[in-house]
Structures are given as C-alpha cells and as structure tokens.
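# Structural overview
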Amino acid sequence: MDQTKRYTLIGVVLLVLMVSAGVGYSLLKQHGYFAPPDVHTLYGEWVEQEVPAYSADRIEINDNGIFHRGKRVATAFAFDGEYLRYEFAGVPYQYRIENDASMVRLGDDYYQPMFVRTIHPQVKNEADVD
C-alpha cells in the first residue's frame, strides 16, 4: 500500500470516529445524561437511624437552605448527584446519598450515621395552584 492510500485511509477512519463521537454525545445529552443533578431530590426531612429517638439528628432540606433541629445552619450547599456538602460554623459537613431515601454522614472514621428521609415535601401540581 503506498503512502497516499494509507493517509487517505487514516483520514477516513478519523472522520468516522469523530462523527460517531459527535452523534454519541448528542444522544447522551438529549437524554439528560449531562444534566446537572436536581437538588429538589434532596428536599424533605432526614432523621438519623439506629439511635434513641430523643437524640436523633434531624435535618430538613428545602428552598430556604438546610435546617438542623429546626434552626437554619446553611443557605448555600453543593450537590453533585452523589454528595451533599455544606459548612456550618466553619465545620464542613458531607453526606453520601445512598438512594432517594437514605444518606450517610461522612467524616468520622468511627461513626458514620445513616439518615432516612421521613417526610417528602409536598409537590404541587397545576390543579392545586390558585
């Protein structure tokens, strides 16, 4: 095979690869694969498990921020789809979201409490709007 045919073949293969990558990216983007995570999936009340009810931590997440035992502790937080992060009084907090109903507080090597969502926020549909 002479050098001109080899360069032509390489060019065609590269062109096919670039077109395939572009089509694949477009399809993934169209189906929401690259969409940012929806923070509303975290909204609700989360209660620490496997501790006495009187000492269980309670966290509420809503449009106004993060509330711990009824007091707002953060108005800004980060959520990347897997981890929830915020800071309160200079202390960083991080939670790993296990599924839509449970999350684990990370940080301590010896104790990582599990939280379960007990209250989901009310979702208004268009018929409820006055």
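Residues numbered from 1 in each chain as written. Predicted model: local features only at pLDDT ≥ 70, side-chain atom pairs only at ≥ 80, totals over all residues. Heavy atoms only, no water.

The name given to the protein chain in an unreviewed UniProt entry is DUF2850 domain-containing protein, and the organism recorded there is Vibrio stylophorae.

### Things to note about the pairing of strand 3 (residues 65–68)
With four bridges joining them, strand 2 (residues 58–62) and strand 3 adopt antiparallel strand pairing. Of the residues in strand 3, the one forming a bridge with isoleucine 61 is isoleucine 66. Strand direction decides the pairing type here: strand 3 and strand 4 (residues 71–74), joined by three bridges, are antiparallel. Its bridge partner lying in strand 4, phenylalanine 67 is registered against arginine 72. Once strand 3 ends, the chain turns through two residues before running back antiparallel as strand 4, passing arginine 69 with a positive phi of about 50 degrees. (Pairing = 2+ DSSP bridges. Helix = DSSP H or I, 4+ residues; strand = E, 2+ residues; numbered from the N terminus.)

### Topic: the nonpolar core
Of all hydrophobic cores here, the largest spans 15 residues; its most connected members are Ile59, Ile61, Ile66, Leu84 and Tyr95. Listed by contribution, the elements that provide at least two residues to this core are strand 2, strand 4, strand 6 (83–88) and strand 7 (91–99). Residues contacting tyrosine 95, with those up to four places away along its chain left out, are Ile59, Glu82, Tyr83, Leu84, Tyr86, Met103, Val104, Arg105, Leu106 and Phe115. (Core = buried A, V, L, I, M, F, W, Y, C linked by side-chain atoms within 4.5 Å. Buried < 20%, exposed > 50% of the residue type's maximum accessible area, 1.4 Å probe, protein only. Contact = heavy atoms within 4.5 Å.)

### Considerations on a nonpolar patch on the surface
Taken together, Tyr7, Leu9, Ile10, Val13, Leu14 and Leu17 make up a surface patch of nonpolar side chains, about 600 Å² in accessible area. Following the sequence through the fold, leucine 17 ends up in helix 1 (residues 3–30). With relative accessibility at 54%, the residue leucine 17 sits in the exposed group. (Patch = residues over 30% accessible without salt bridge, like charges linked within 9 Å, V, L, I, M, F, W, Y side chains within 5 Å. Areas by Shrake-Rupley, 256 points an atom, 1.4 Å probe, with all protein chains shown as cover. Salt bridge = Lys/Arg side-chain N within 4 Å of Asp/Glu carboxyl O.)

### Brief notes about the pattern of salt bridges
Working definition: two side chains of opposite charge can pair if their charged atoms are close together. Within this structure, the stated rule accounts for five salt bridges. In this structure, arginine 105 engages aspartate 57 in a salt bridge whose closest nitrogen and oxygen atoms are separated by 2.9 Å. Placement of arginine 105 in strand 8 (residues 102–106) and of aspartate 57 in the loop between strand 1 (44–48) and strand 2 is noted, with a sequence separation of 48 residues between them. Accessibility expressed as a relative area gives 17% for arginine 105, which makes it buried. Note on aspartate 57: relative accessible area 12%, which makes it buried.

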